[in-house]
Amino acid sequence: MFEIDDKVKRVAAYCRVSTDKTDQANSLESQQQFFNEYIRRNHLWELYDIYVDDGISGTNTKKRAAFNQMIEDAKSGKFDLIITKEISRFARNILDSIGYTRELKSLGVGVIFLNDNINTLDSDAEMRLAFLSTMAQEESRKTSERVKWGLRRQMEKGVVLGRDMLGYDVRDGKLIINEEGAETVRLIYHKFLDDGKGAHRIAKELREEGVKTSARMKDWSYTVILRILRNEKYCGDLVQQKTYTPDYLTHQKKRNYGEIETVTIKNHHEPIISRQRFEAVQRELERRKPSQSTVKAFANRYALSGKIICGECGAGFVRRQKKRKDGTMNVKWVCAESQKNGGKHKEKDGTAVGCTTNSINDRDIKEILQTVVADTMLSRTNIINTLLQTVESVVKSVSDNDNTAHFQNEISRCEDKKKKLLDMCLNGYIEAEEYKEACDDLNSQIADLEQKCIKEQSNQQMIADKEKTICDIRNYVNSISTGAEWNDTFYRNIVDRIVVYKGRKMDIYLKLIPEKWQGKILAGTKEIEAYENEKRSCVCSKPISVSKPFSSGYGIE
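Residues numbered from 1 in each chain as written. Predicted model: local features only at pLDDT ≥ 70, side-chain atom pairs only at ≥ 80, totals over all residues. Heavy atoms only, no water.

Enquirer: Is there a simple way to think about the overall build of the chain in this case?
Expert: Counting secondary structure elements, the chain contains 18 helices and 21 strands. Taking all 557 residues of the chain together, 37% fall into the buried category. Excluding contacts between residues fewer than 6 apart, the proportion of contacts in the chain whose partners are at least 24 apart in sequence is 61%. When the accessible area of the chain is evaluated, it comes to approximately 33100 Å², of which 48% is carbon and sulfur surface. (Helix = DSSP H or I, 4+ residues; strand = E, 2+ residues; numbered from the N terminus. Buried < 20%, exposed > 50% of the residue type's maximum accessible area, 1.4 Å probe, protein only. Contact = heavy atoms within 4.5 Å. Areas by Shrake-Rupley, 256 points an atom, 1.4 Å probe, with all protein chains shown as cover.)

Enquirer: Sorry if this is basic, but what is going on with the confidence of the model for the chain here?
Expert: Atom-level detail of predicted coordinates should not be read off regions where pLDDT is low. Averaged over all residues, the pLDDT of the chain is 77; the fraction at 70 or higher stands at 74%. When mean pLDDT is taken per element in the chain, strand β3 (residues 81–84) scores highest with 92 and strand β21 (residues 554–556) scores lowest with 46. pLDDT under 50 marks residues 535–557. Its contacts with residues more than four places away, or in other chains, come to 59 contacts. (pLDDT = per-residue confidence, 0-100.)

Enquirer: What am I meant to see in the sheet that holds β3 here?
Expert: Across a sheet, strands are paired by hydrogen bonds formed along the backbone, either parallel or antiparallel in direction. The mixed open sheet is built from five strands, whose spatial order is β2-β1-β3-β4-β5. The open sheet has two edge strands with one neighbour each: β2 (45–54) and β5 (118–119). Relative to strand β4 (residues 110–113), β3 is paired through four bridges, and the arrangement is parallel. Opposite Ile83, over in β4, you have Ile112 as the bridge partner. Docked against the sheet, helix α2 (residues 65–75) engages β1 (9–17), β2 and β3, running at close to 145° with respect to β2. (Pairing = 2+ DSSP bridges. Axes fitted to C-alpha atoms, helices over the stretch in contact; angles between N-to-C directions.)

Enquirer: I keep staring at the state of the cysteines and nothing clicks. Help me out?
Expert: Tallying each qualifying case throughout the model produces zero disulfides. The cysteine Cys310 is free of any disulfide, with Cys355 supplying the nearest cysteine sulfur at 3.6 Å. A relative accessible area of 2% means that Cys310 is categorised as buried. (Disulfide = S-S within 2.5 Å.)

Enquirer: Could you clarify how one ought to interpret the sheet that holds strand β13 (residues 317–323) in this entry?
Expert: The three strands are arranged β13-β14-β17 in an open sheet whose pairing can be described as antiparallel. Two strands close off the open sheet at either side, each with one partner strand: β13 and β17 (360–361).

Enquirer: Looking at this model, I keep getting lost on the nonpolar core. Mind explaining?
Expert: Among soluble globular proteins, nonpolar side chains are generally buried collectively. By size, the foremost hydrophobic cluster in this structure holds 30 residues, and its most contacted members are Tyr189, Trp220, Ile225, Ile228 and Tyr234. Elements with a contribution of two residues or more to this core: β6 (168–171), α6 (179–194), α7 (199–209), α8 (222–230) and α9 (275–288). With residues near it in sequence (within four places) discarded, Tyr234 still touches Met165, Leu166, Tyr168, Val185, Tyr189, Ile228, Pro271, Ile272 and Ile273. (Core = buried A, V, L, I, M, F, W, Y, C linked by side-chain atoms within 4.5 Å.)

Enquirer: Please explain a negative patch on the surface as it appears in this structure.
Expert: On the surface, a cluster of negative charge is made up of Glu431, Glu433, Glu434, Glu437 and Asp441. Examined against the element boundaries, Glu437 turns out to sit in helix α15 (residues 432–464). The exposure class of Glu437 is exposed, given its relative accessible area of 58%. (Patch = residues over 30% accessible without salt bridge, like charges linked within 9 Å, V, L, I, M, F, W, Y side chains within 5 Å. Salt bridge = Lys/Arg side-chain N within 4 Å of Asp/Glu carboxyl O. Lys, Arg positive; Asp, Glu negative; His and termini not counted. Charge placed at Lys NZ, Arg CZ, Asp CG, Glu CD.)

Enquirer: Looking at this model, I keep getting lost on the packing of α6 against α7. Mind explaining?
Expert: A pair of packed helices is captured by two measures, namely the crossing angle of their axes and the spacing between those axes. Put simply, α6 and α7 touch, their axes get as near as 10 Å, and they point 135° apart. The pairing of α6 with α7 is recorded here as oblique in orientation. By crossing handedness, the relation of α6 to α7 is classed as right-handed. In this structure, α6 contributes Leu187, Ile188, Lys191 and Phe192 to the contact, and α7 contributes Ile202, Glu205, Leu206 and Glu209. Residue composition of the contact of α6 with α7, grouped by class: five nonpolar, no polar and three charged. (Parallel < 35°, antiparallel > 145°, perpendicular 65-115°, else oblique. Left-handed = near helix turned anticlockwise from the far one by under 90°. Nonpolar A, V, L, I, M, F, W, Y, C, P; charged D, E, K, R; others polar.)

Enquirer: Mind showing me how you'd approach a nonpolar patch on the surface here?
Expert: Residues Val147, Leu151 and Leu161 make up a contiguous nonpolar surface patch of roughly 220 Å² in combined accessible area. Looking at the secondary structure, you find Leu151 in helix α5 (residues 125–156). We classify Leu151 as partly exposed; its relative accessible area is 35%.

Enquirer: Would you explain the pattern of salt bridges in this entry?
Expert: Close approach of charged atoms allows side chains of opposite charge to pair. Inspection of the entire model under this criterion finds 27 salt bridges. For Glu209, the salt bridge identified is with Lys191, shortest N-O distance 3.6 Å. Of the two residues, Glu209 sits in helix α7 while Lys191 sits in helix α6, which places them 18 residues apart along the sequence. What makes Lys191 buried here is its relative accessible area of 6%.

Here's what the structure looks like:
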């Protein structure tokens, strides 16, 4: 029995088992009974509460609700002492053990570890606690290694450690086809490979058709479809260890990007999709995958790409075209959210999706912009001067000092270091891994210096050609400033953004010009007449003022 003073202490007890198996549950019940009797035998102790964590690991305290509640109650002064059977029940993490006991001690709350014969209020308690906590942590590490080793052996034997998935049920470590889910998998592969549909389209159709998801899926989505199309299990192969736990103390799983070797077994179970069909899908996925250059080119494919924004939902507008019966093309811009999810509505989980903003005709928006630019350029002398002032300020801001030689010398120094590192590696002074790591760092520095060198050379060229640059800009702006002819390059550079609202109303912003234009694409005779009447009865203070809509059916304020 530990020495205590003659003042009655309020005592809390803490007990934990690390799994929720039946035998452990019995152990937990036994622990609670033990603490009740143990505290009752001491007439100077009174039980405040027993805090219980069931089925929780001890290597980390974040998920132990009862433990965390106990610490909060201690801070509130609800008890004077905590008793627990052993350090491994309290924490197998050294930092947690020392940290929490120090904090509790500063509050005047001691912790008694019965089996370890430690009372944290004693003068030498922390030293003994650190020693025993280290042993407990090392035991956890060894246990973790043994578990990992055992799981790895099971994987190599073909035992499936995952959970049920769409098309398969996991029973006794084996994948058994679930025919209802398998039909859905086959349907997805058919839509993608045979019908040529994309993942977004497939997900939308499955939602509309009310096709059931697996138990673990919330709803059909683009990413869910892609995971199904890329999952090798559907062609009969098994790949395990796609995730791993690098730290046995935190238990946080990470995606395995080659840090550890995966366990792969070909023809492990009955396939839902033939191997030939699965491989054809992988080739098609790769074919449809846009390259970085394609993505960049597509973003600037059209003059207004990325510049039209929905004022209702914030999504960008995408360009769509459809061939009419007479052979002409109907080109329009559509809100991406509306295109993806239809009109505004709520999903089953209550999430609001979709948008009701109208599409706008490509011809109409171009004519509006041409009118805006033509009117603006009536005073183009001011615009040109603004542009030239901007160019001059940029040129003047560039330092006259030529740092090109400095950057080139730094690059040479890095190259020399790489040669020395290679000599050291070949002579055995450093390991190959150290050599590679140091070279990667130097290569990164060289790439950065080369970019700086190119930029410096460009700056110096700009300074040298200052007058020519200003003259070229003046000539270019003068040549296309009337706005009479549509020029993709010109409009791509002068249009900042166009915000479209319901009813085809829009705000138009140009670069370097502070004013905002407000326009509206009119639909039908009645709307045109209403617009004419409205304009007669009000005074317009916007940059462009017209008394009637244009022949193409739009008005600008």
